[in-house]
Amino acid sequence: MSSVSHAASAAPIVLDPSVAPVPVTKKIPQITHIHGYTRHDDYFWLRDKTDPEVMAHLKSETAYTEAVLAPTAPLQAKLYDEILSHVKQTDLSVPYRKGAYYYYARTEEGKQYPIYARKRGSLDAPEEITLDLNALAAGHSYLGLGTYKISDDGHLLAYSLDTTGYRQYTLHVKDLRTGRDLSEAIERVDSVDWASDNATLYYSTEDAVSKRHDKFFRHALGAPASTLLFEEKDELYDIGSQRSNDGAYVFLTSYSKSTNEARAVRVDRPGGELAMLVPRREGHRFGLEHHGDRFFILTNRNADDFRLVTAPETAPQEANWKELVPQRAGVHLDDISMFEKYAVLSGRSGGFSNLEILDLATGKLTSVPFEEAVHTAMPQANPEFVTSTFRFTYTSLVTPNAVYDIDLATGKRTLLKATEVPNYDPKLYATELAHATAKDGTQVPISLVYRKNVKRDGTAPMLLYAYGSYGISMDPTFSASRLALLDRGVVYAIAHIRGGGELGEKWRTSGHLREKLNTFTDFIDCAEYLVKAKYTASDRLAIQGGSAGGLLMGAVSNMRPDLFKAVVSQVPFVDVMNTMLDASLPLTTSEYLEWGDPNMKGDYDYMMRYSPYDNVGVKPYPATLVKVSVNDSQVPYWEGAKLVAKIRAARTDSHPMLLMVNFGAGHGGASGRYDAIKESAFNYAFILAEIASGS
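Since the structure is predicted, the reported quantities are computational estimates derived from the model, not experimental observations. (Residues numbered from 1 in each chain as written. Predicted model: local features only at pLDDT ≥ 70, side-chain atom pairs only at ≥ 80, totals over all residues. Heavy atoms only, no water.)

### So, the packing of helix 1 (residues 52-68) against helix 11 (residues 637-650)
At their nearest, the axes of helix 1 and helix 11 sit 12 Å apart, and the two run at 65° to each other. The orientation of helix 1 with respect to helix 11, classified from their angle, is roughly perpendicular. Taken as a pair, helix 1 and helix 11 cross one another with a handedness that is left-handed. Residues Val-54, Leu-58, Glu-61 and Tyr-64 of helix 1 touch helix 11, and the partners they reach there are Tyr-637, Ala-641, Val-644 and Arg-648. By residue class, the composition of the contact of helix 1 with helix 11 is six nonpolar, no polar and two charged. (Axes fitted to C-alpha atoms, helices over the stretch in contact; angles between N-to-C directions. Helix = DSSP H or I, 4+ residues; strand = E, 2+ residues; numbered from the N terminus. Parallel < 35°, antiparallel > 145°, perpendicular 65-115°, else oblique. Left-handed = near helix turned anticlockwise from the far one by under 90°. Contact = heavy atoms within 4.5 Å. Nonpolar A, V, L, I, M, F, W, Y, C, P; charged D, E, K, R; others polar.)

What follows is the structure, given as structure tokens:
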């Protein structure tokens, strides 16, 4: 429990990699030629998951990992119980109003998934269950909810489900008056929006092979077929739709990693055609909203970190734009929430999230203040256009999620719910912001949290986490499961490295394409700073990352294996060159604008400098746990499997090099909340066995 520190409270756990025969991955050389180079890949054969030998190999890897980690089984059980002790298992979200109903989700002890429900007119009214994910999950090892959209009249629910983890969703429509689904069962659906006639849906679909979202349809309920309204032909672009908060339009956006284009259709004219709003112009990215007779456009035209302009509904061309909020130094704008008399701008300042209220009548912009420097503030569901309040969630590394309504006129905040975390005393913990100096002089922020009784003398174990790609920010949020580490004296840190979005557009662009190496050297510089500043020592430092963060783990393990004691690499993108040279794989072509196109020699040569699989060397490696999922559509399972095989064949150490395969989930791991806790306990047990003196 959080009132008790577990540091050094038990004998160390020793992981013995020789406890079972180490799986030997056979080599079948595949040779390819590109740009005058010859490429050798001994493990290409692992890509064929229809091959029984491949599945047998993955099962042997999993069995080996379980054997090596068997001594941690009691610790895993203990960690699971501790994490669960910090969770209020039967709970209720804060209801939000949409039309005549209050909508919410609730959890029940012992059930893996939430139950979605509503009440008409009053929170004292009888409950109507709209969707019970536990019932829908019956017979499936995985369940993911995609869209959840209520029609304007409140009678129908459009929802989509994924039952494999492959992020392939099927759209259904439920009549909430009868509780029965209609005949619709539309495959490979992504975004979904209602027209105002309550009988027409707009939706986008993905390509069966590339998984690129490329087609946009109009569908009349009950019709045998849908009408194709738009197809995006450019392989660098995906599409997605969103309805404006005033309900007037559905916006269809084509987007690449660097450029947007938008069309629109009025929801009160479901038979109407899409009209061009903002044509694509290389490097132009933007977001859209609508109010009255104007479009509101959050644009990076002449503003790297975005500014807000308006355009007449009848003439939205750039020549008619009028600036409402200019670009400001140190402020990056991410999103706009539009209401009758106000708009709320979501963005970042000083590396952390901020909210600003814009009075549409006066143009006055008011920042929402937050007490903690290291914090996260996120908009919640705000579906009502005519409202005087805005709902958001506030959290930090020591503050559990709290939901507030803020009065848009006065700025007064009302706490609606502070998440109850049993057996947690926030006064025992501290959070701080540090900065590491990168090799080029850049100051890289690091968020930290630890128990106040932890000594800063280099003896504390640490888990350092990072991502660093796509302009995605790793916000400091509260984690009940993390308490199991903190209570054992582990310091937890997030390195806000370049490639992420924490410090605006330049922070993103200075960590991608042919500046991607900054992402990895920033992380190494952060780790070196944390050791030098005596937050930890390298023989007590574990690192963790997933997906593109798994690429980070692979790259820094090759570059500085001496700096880290243990690595947890989840669904890692590590076979960079082979994947990016194969345009038949899902998502490859659209990724050229993030990583580069290796069909171009300059990009190829740069990417080869960091691709983890291509840079495995004859050297000692840290203890490593690689986790993959067979049904992962984002990063194929074979990337992690190949990396483990190649490191084992080259390394000069005898540390654990483990591969754990999930045969019933996808990119995000387990979907059920109790299963997710088991996964956390498993990861933490490996980390603690390697870096902590006791368990």
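### Some details on the sheet that holds strand 14 (residues 213-220)
The strand order across the open sheet formed by four strands is 12-13-14-15, and the pairing between neighbours is antiparallel. Pairing within the sheet leaves two strands with one partner each, and these edge strands are strand 12 (189-194) and strand 15 (227-231). Sheet twist, expressed as the mean angle between neighbouring strand axes with direction ignored, is 20°. (Pairing = 2+ DSSP bridges.)

### As for the pairing of strand 29 (residues 389-395)
With respect to burial, strand 29 is a largely interior element, six of its seven residues being buried. Here strand 28 (residues 376-379) pairs with strand 29 via four bridges, running antiparallel. From the neighbouring strand, Met-378 faces strand 29, where its bridge partner is Thr-393. Examined bridge by bridge, strand 29 and strand 30 (residues 402-407) share six bridges and lie antiparallel to one another. Its bridge partner lying in strand 30, Phe-390 is registered against Ile-406. Between strand 29 and the antiparallel strand that follows it, strand 30, lie six residues. (Buried < 20%, exposed > 50% of the residue type's maximum accessible area, 1.4 Å probe, protein only.)

### Thoughts on the pattern of salt bridges
In the structure shown here, the tally under the stated rule is 46 salt bridges. Among the ionic pairs, Asp-175 bridges to Arg-177, the shortest N-O distance being 3.0 Å. Note that Asp-653 and Arg-651 form a salt bridge whose closest N and O atoms lie 3.2 Å from each other. A cluster of three or more residues bridged by salt bridges with shared partners is formed by Arg-106, Glu-108, Lys-111 and Glu-127. (Salt bridge = Lys/Arg side-chain N within 4 Å of Asp/Glu carboxyl O.)

### Let's talk about the sheet that holds strand 24 (residues 331-338)
Here we have four strands laid out as an open sheet, ordered 24-25-26-27, and antiparallel in their pairing. Single-partner strands in this sheet number two, and they are strand 24 and strand 27 (365-367). Strand-to-strand twist in this sheet, taken as the mean axis angle between neighbours without regard to direction, amounts to 30°.

### Here's the deal with the environment of Arg-560
Residue position: Arg-560 is located in the loop between helix 7 (548-559) and strand 37 (566-570). Along the chain, Arg-560 and Tyr-621 lie 61 residues apart, while their C-alpha atoms are 9.0 Å from each other. Setting aside residues up to four positions removed in sequence, Arg-560 forms contacts with Ile-524 and Glu-528. Within the local environment of Arg-560, its side chain forms a polar contact with the side chain of Asp-562, the two groups lying 2.9 Å apart. (Polar contact = N/O pair within 3.5 Å; in protein donor to acceptor, adjacent residues only side chain to side chain.)

### Some remarks on the packing of helix 2 (residues 73-85) against helix 12 (residues 673-691)
It is at 8 Å that the axes of helix 2 and helix 12 come closest, and there the two elements cross at 130°. Between helix 2 and helix 12, the angle falls in the class oblique. The two elements helix 2 and helix 12 meet at a crossing, and its hand is right-handed. In this structure, helix 2 contributes Leu-75, Gln-76, Leu-79, Tyr-80, Ile-83 and Leu-84 to the contact, and helix 12 contributes Tyr-674, Ile-677, Lys-678, Ser-680, Ala-681, Phe-682, Tyr-684, Ala-685 and Leu-688. Residues of the contact of helix 2 with helix 12, tallied by class, amount to twelve nonpolar, two polar and one charged.

Remember that the coordinates give geometry; whether it matters functionally is a separate question.
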